[in-house]
Amino acid sequence: MLSPYKFYQYFFSVPDADVIRFLTMLTFLDVKEIDELVNQMKSPGYVPNTVQRKLAEEVTRFVHGEDGLNEALKATEALRPGAQTKLDWKAIEGIAGDVPSCSFAYDQVLNLSLVDLSVSAGLFDSKSAARRLLKQGGLYLNNSRVDTESKRIEPEDIVDGIVLLSAGKKNKVIISMTLDGKNKEILSYCQWKSINMVWSNIPALGKEKRLSLLNVEDLSWRIKVD
């Protein structure tokens, strides 16, 4: 079965020519409500994809339940380029199985130019293609548009050991970090309650390794492996 996020996105992408037919066949909306949606689509002030959103919500709720729909909506909003929603591991986890991903050592990523990273991660075939889209305003780092070709990856760009790159609205790649030896900082701040989750996503380091928690500030912790 498709994940709630991918399921929602499939129906959200249904063409205008098919959306009413799908609403009639796949939802329990009454005829009057569907007729109102048809009239909305014909009105001058209609916002594109409004009816598709209704279809996606109704069908996702029916198949995945209310929790599944909420998961899909949260991931959709958090991963929308330019979104104000804070990007975190939980949001990324919601699409982890549906988006291309790759893994690099922390030292390989830190201070690497965004253009180089986007090519190495397979988001673009060439640096010239990456630069071209960047100049057009279509290259995003963790949902934030990148405006300068000289942008390099900084520690604060790495969210719970993850970097999300987007080329336009649909093409994304998740880049996860791996540790290389002792005393490598794990890239980001996280809430105390999330420590076990973050630790579970770190490659096996052996039983002799232990976590030390540093820089306590407002219940946020920087994790370091000793």
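Residues numbered from 1 in each chain as written. Predicted model: local features only at pLDDT ≥ 70, side-chain atom pairs only at ≥ 80, totals over all residues. Heavy atoms only, no water.

Per an unreviewed UniProt entry, the protein is named RNA-binding S4 domain-containing protein, and its organism is Erythroxylum novogranatense. In its Sequence similarities (unreviewed entry) section, UniProt records this for the protein: "Belongs to the class-I aminoacyl-tRNA synthetase family." (UniProt positions renumbered as here; feature names shortened; annotations may be inferred.)

## What about the environment of Ile175?
Following the sequence through the fold, Ile175 ends up in strand S5 (residues 171-178). Each C-alpha atom of the pair Ile175 and Val109 lies 9.3 Å from the other, and the pair is 66 residues apart in sequence. Filtering out sequence-adjacent residues up to four positions away, Ile175 remains in contact with Cys102, Phe104, Leu117, Ala121, Gly161, Ile162, Val163 and Leu165. (Helix = DSSP H or I, 4+ residues; strand = E, 2+ residues; numbered from the N terminus. Contact = heavy atoms within 4.5 Å.)

## Thoughts on the sheet that holds strand S3 (residues 144-145)
On the basis of which strands lie adjacent, the open sheet formed by 5 strands has the order S1-S5-S4-S2-S3 and mixed pairing. Only two strands of the sheet have a single partner each, and these edge strands are strand S1 (101-105) and S3. Summarising the sheet, S1 and S5 pair through 5 bridges and their orientation is parallel. Following the sheet pairing, Cys102 is matched in S5 by Ile175. (Pairing = 2+ DSSP bridges.)

## Side note on the environment of Leu134
Tracing the sequence through the fold places Leu134 in helix H8 (residues 127-135). Distance in space between the C-alpha atoms of Leu134 and Glu149 is 7.2 Å, their sequence separation being 15 residues. Those residues in contact with Leu134 that sit more than four places away from it in its chain are Val115, Leu139, Val146, Asp147, Thr148 and Glu149.

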